[in-house]
2 protein chains.
Amino acid sequence: MLALAGYPMGLQFRVLDPGVDPPAGEMAPAVTAQFDDLMALDAFMDGCDVVTFEFEQVPADSARHIARHVPVHPSPDILEVAQDRLAEKDLFASLDIPTARFARVDDHRMLTDAVATIGGPSILKTRGGGYDGKGQVRIATESDTVHAWEDLGAAPCILEEVVDFERELSIIAARTEGGDIAFYPPVENHHRDGLLRLSIAPAPDLTQDLVDQAEHHARAILERYDYQGILAIELFEKNGVLFGNEFAPRVHNSGHWTIEGAETSQFENHLRGVLGLPLGDPSARGYAAMVNLIGTLPDTTEVLAAGGHLHLYGKEPRPGRKLGHITVRADSAADLAVAIERISALIDQGRS
Amino acid sequence: MLALAGYPMGLQFRVLDPGVDPPAGEMAPAVTAQFDDLMALDAFMDGCDVVTFEFEQVPADSARHIARHVPVHPSPDILEVAQDRLAEKDLFASLDIPTARFARVDDHRMLTDAVATIGGPSILKTRGGGYDGKGQVRIATESDTVHAWEDLGAAPCILEEVVDFERELSIIAARTEGGDIAFYPPVENHHRDGLLRLSIAPAPDLTQDLVDQAEHHARAILERYDYQGILAIELFEKNGVLFGNEFAPRVHNSGHWTIEGAETSQFENHLRGVLGLPLGDPSARGYAAMVNLIGTLPDTTEVLAAGGHLHLYGKEPRPGRKLGHITVRADSAADLAVAIERISALIDQGRS
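Keep in mind that this is a model prediction, so the values were computed, not measured.

This paragraph deals with the overall build of chain A. Within chain A one finds 12 helices and 15 strands. Computed over C-alpha atoms, the radius of gyration of chain A comes to 20 Å, within 12% of the 20 Å expected from 2.2 N^0.38 for 352 residues, which places it in the range of a compact globule. Viewed in the frame of its principal axes, chain A has a C-alpha envelope of about 55 × 50 × 40 Å. Taken across its 352 residues, chain A has 54% of its residues classed as buried.

The structure is reproduced here in structure tokens:
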């Protein structure tokens, strides 16, 4: 999706992916190599003006290796923070972004202490490697701790308080060289089985105060890291307050609606930011929703007949795998709700 | 632009172009071959589900050769009509689409007869090969005829009455298998030196009657040829009547605004039509204009800072060559006029 957004601006692309036949290889030259293969990285970066990533588990040291020769945006430093749930929460705290209570857990003793301090239900998460709901165990009572600690492989962890949040929002923001920032309207996200299923843009019932909080949080991170490109922050809402859950220093699934739903897509603005070009207008055009296609694919003809904008990623179907998404757009929130219903019905059909 | 529109729908592309390093070769495998190299066509079509064209001078016989093995849309028959100005005008006439008066000219005698019949200023055009204002000579008096006939190489020609039209409009329409048709709103086109410079979408001061005429004309051609894909018709307006000037059986420069300005782009609807998939909503989203980049390129940073959506075609700059276009979008006609001014100023700057 980055390459598709960049070709019209005259950009050329080269892709590095450890997997054979990567989806982006359809539309740009692809190098197959492990992310820590430094010789492959050297060959890959040769002739590039800038390097970016759209996958958060690229080793920060590999990004640093490249950054010694070619600019890498967003910076390897923020990439490294995003790979460590504890560093992420510490960053939120240092920027006055509210979070659920959390504690560092390096061993079983620190876990029992943390459970006692935080009290009530909590969730133990590995600091690294987790995504889409993986690497997490819920802890209701102190007796759960041994089990939980072993389930996660006795790895460095973070214990987080479980708060009864009302909903999840996210904000996508772009920053370019010189400091200009563009904020997309916050969206409302719905998950199932740890996977994002639906984003509604803009989020229903947004108040100016919620927008201000979300933009404040995004701006704080962007400015701290002299950021270039797209940043996404997942936020939880409770009693009118937005809590930082996690952030992603990359284009984000909850921003895919911007291809049709915003004046400039997150993909184009990521490229503009990374290249130091002026950002495009992030305003929403009407009402949009993004429905993920997970595990199985619906019938193309039915999706198009129902007014969906189809985006397939060229991946082999596999349970739990994000294979694509559908965007619907409408001129009113009521029409959007009808369109979401129509598309969701097709997807549930495909899955049964 | 077709490939960029098709990848999200899961399509794969292969391009045939007689030129080395074709622009589309950046993003799809390209075969370099002449259009009449039948062995190359055989290799090219092998494994294709459908073949289409975005260049009108592909020999109709080459398209027919392919069509014996793989569906070709639009059909080679309509392609052949589009390559012959006389056949084109005859088609308009047979479908009750008004045209300026015209006459077939095969030799100098037929030319002098035609000039006498049509009277007043007229224009002699070669029947084949002309585009962007080439292959045309204006005739004011009978004494111009010898000169004109020789200037055009004594080739088969058509003489057309010069009518003092008020403006040029065009309509883009898509048709898919089964007969569904989608009409984009007619746009107003402005030329200079025979080249399209600016399209305004929707055309200002459209009446329902003008829209009805444009849609009638498009529908007549689409249905006559059991058409699949995008058709463009250039129309001249005079005293509330739309005259057919020429048509193009392909995506058209005056429809490039649809990428940002319509719910579904002409490129996506061409692919849907060609593949027999349901068409997408052709409605305009607000007001849009497309400004062509001809001969030289403006500064990318300035274009983006001015709110332009930049589309570069990856071609070497050369006088008179279409190198790309810029689309601007606005929520009112007044805002659009301001945006056109701003972008036009940048382009004139680049040209001086």
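Next up on the list: the sheet that holds strand β6 (residues 157-161) of chain B. All names here are of chain B. One open sheet accounts for four strands, arranged β3-β6-β4-β5; its pairing is antiparallel. Because the sheet does not close on itself, it has two edges, and the strands there are β3 (102-105) and β5 (136-139). With direction set aside, neighbouring strand axes in the sheet form an average angle of 25 degrees. Two strands pair when backbone bridges link them, and strand β4 (residues 122-126) and β5 are joined in this way by four bridges, in the antiparallel orientation. Looking across to β5, one finds that K125 is bridged to Q136. Seen against the sheet, helix α6 (residues 108-118) touches β3, β4, β5 and β6 and runs at an angle of roughly 170 degrees to β3.

Take the environment of A248 of chain B next. Structurally, A248 of chain B is set in strand β12 (residues 241-248). The spatial distance from the C-alpha of A248 of chain B to the C-alpha of L293 of chain B is 21 Å, given a sequence separation of 45 residues.

All names here are of chain B. In this model, helix α8 (residues 208-224) (17 residues) spans 24 Å end to end at C-alpha, consistent with the 24 Å of a helix rising 1.5 Å per residue. Of all the residues in α8, the buried ones are L210, V211, Q213, A214, H217, A218, A220, I221 and L222. Turning to α8, the residues buried within the fold contact α4 (76-82), α5 (85-94), β7 (167-175), β8 (181-183), β11 (229-238) and β12. Phi turns positive, to about 45 degrees, at D226, one or two residues after α8.

Moving on, we come to the interface of chain B and chain A. Taken residue by residue, the interface counts 25 residues in chain B and 25 residues in chain A. For the pairing of chain B and chain A, the buried interface totals around 2,500 Å² over both sides, and the portion due to carbon and sulfur atoms is 55%. Counting across the interface, chain B meets chain A through two salt bridges. Note that R329 of chain B and E263 of chain A form a salt bridge whose closest N and O atoms lie 2.6 Å from each other.

This paragraph deals with unusual backbone geometry. Peptide bonds are trans in most cases, and residues, glycine excluded, mostly fall at negative phi. At the junction of H73 of chain A and P74 of chain A, the peptide bond is cis and its omega measures out at -10 degrees in the coordinates. Residue A201 of chain A is joined to P202 of chain A through a cis peptide bond whose omega torsion reads -10 degrees. Tracing the backbone shows P202 of chain A in the loop between β10 (195-201) and α8 (208-224). One non-glycine residue with positive phi stands out, namely A154 of chain A, at about 50 degrees. Secondary-structure assignment places A154 of chain A in the loop between α7 (145-151) and β6 (157-161). We note that D96 of chain B has phi near 60 degrees; this positive angle belongs to a residue other than glycine. Position of D96 of chain B among the secondary structure elements: in the loop between α5 and β3.

The subject of this paragraph is the sheet that holds β6 of chain A. All names here are of chain A. Reading across from one edge, β3-β6-β4-β5 is the order of the four strands in this open sheet, with antiparallel pairing throughout. Looking along the sheet, the strands with just one partner apiece sit at the ends: β3 (102-105) and β5 (136-139). Shown here is a sheet whose adjacent strand axes are inclined to one another by a mean of 25 degrees, direction ignored. Two strands pair when backbone bridges link them, and β3 and β6 are joined in this way by four bridges, in the antiparallel orientation. The residue bridging R104 from the neighbouring strand is I158, located in β6. Its contacts with the sheet put helix α6 (residues 108-118) on β3, β4 (122-126), β5 and β6, and the angle it makes with β3 is roughly 170 degrees.

Residues and elements named next belong to chain A. Evaluation of the coordinates by the stated rule reveals 38 salt bridges over all chains. With a shortest N-O distance of 2.7 Å, E56 and R250 are connected by a salt bridge. In this pair, E56 sits in the loop between α2 (38-45) and α3 (60-67) while R250 sits in the loop between β12 (241-248) and α9 (258-261), placing the two residues 194 residues apart along the sequence. Pair check on accessibility: E56 and R250 agree, each one buried. Where K89 meets E160, a salt bridge forms, and the shortest distance between an N and an O atom there is 3.1 Å. One end of the pair, K89, is in helix α5 (residues 85-94); the other, E160, is in strand β6, with 71 residues separating them in the sequence. Exposure class is identical for K89 and E160. Each is buried. Several salt bridges share partner residues, and in doing so they unite D61, R64, D77 and E80 into one network.

Placing chain B over chain A gives an RMSD of 0.0 Å and needs a rotation angle of 180 degrees, together with 0.0 Å of translation along the axis. The transformation relating the two chain copies, once decomposed into turn and shift, fits a two-fold axis. Minimal C-alpha separation from the rotation axis in chain B is found for M27 of chain B, amounting to 2.3 Å. Of the interface residues in chain B, 100% have counterparts in chain A that sit at the interface too, so the contact is made through matching surfaces.

Another aspect to go through is the environment of R101 of chain A. All names here are of chain A. Following the sequence through the fold, R101 ends up in the loop between α5 and β3. Sequence separation between R101 and I118 is 17 residues, and the spatial gap between their C-alpha atoms is 6.8 Å. If sequence neighbours within four positions are ignored, R101 has contacts with T117, I118, L159, E160 and E161. Within the local environment of R101, its side chain forms a polar contact with the backbone oxygen of I118, the two atoms lying 2.9 Å apart.

The next point concerns the pairing of β7 of chain B. Residues and elements named next belong to chain B. Extensive coverage of β7 is indicated by the burial of nine of its nine residues. Burial along β7 is two-sided: the residues R167, L169, I171, A173 and R175 and E168, S170, I172 and A174 are all buried. Relative to β11, β7 is paired through nine bridges, and the arrangement is antiparallel. In the strand pairing of β11, A173 is matched with L231. Of the pairings in the sheet, the one linking β7 to strand β9 (residues 187-192) comprises three bridges and is antiparallel in character. Looking at the pairing, L169 lines up with E188 of β9. Bridging between β7 and β8 involves three bridges; their strand directions are antiparallel. Considered in β8, the bridge of R175 is made with I181. Once β7 ends, the chain turns through five residues before running back antiparallel as β8, passing G178 with a positive phi of about 95 degrees.

Glancing now at the packing of helix α2 (residues 38-45) of chain B against helix α3 (residues 60-67) of chain B. Residues and elements named next belong to chain B. Where α2 meets α3, the axes come as close as 10 Å, and the angle between the chain directions of the two elements is 45 degrees. When the axis of α2 is compared with that of α3, the two are oblique. Taken as a pair, α2 and α3 cross one another with a handedness that is right-handed. In this structure, α2 contributes L38, L41, D42 and M45 to the contact, and α3 contributes S62, H65 and I66. Considered class by class, the residues forming the contact of α2 with α3 number four nonpolar, two polar and one charged.

Cut-off values and rules
- Residues numbered from 1 in each chain as written.
- Chains lettered and ligands numbered in written order.
- Predicted model: local features only at pLDDT ≥ 70, side-chain atom pairs only at ≥ 80, totals over all residues.
- Heavy atoms only, no water.
- Helix = DSSP H or I, 4+ residues; strand = E, 2+ residues; numbered from the N terminus.
- Rg over C-alpha atoms; globule rule 2.2 N^0.38 Å.
- Buried < 20%, exposed > 50% of the residue type's maximum accessible area, 1.4 Å probe, protein only.
- Pairing = 2+ DSSP bridges.
- Axes fitted to C-alpha atoms, helices over the stretch in contact; angles between N-to-C directions.
- Contact = heavy atoms within 4.5 Å.
- Expected span 1.5 Å × (residues − 1).
- Buried area = accessible area lost by both parts, 1.4 Å probe.
- Salt bridge = Lys/Arg side-chain N within 4 Å of Asp/Glu carboxyl O.
- Least-squares fit on C-alpha atoms with pLDDT ≥ 70 in both.
- Polar contact = N/O pair within 3.5 Å; in protein donor to acceptor, adjacent residues only side chain to side chain.
- Parallel < 35°, antiparallel > 145°, perpendicular 65-115°, else oblique.
- Left-handed = near helix turned anticlockwise from the far one by under 90°.
- Nonpolar A, V, L, I, M, F, W, Y, C, P; charged D, E, K, R; others polar.

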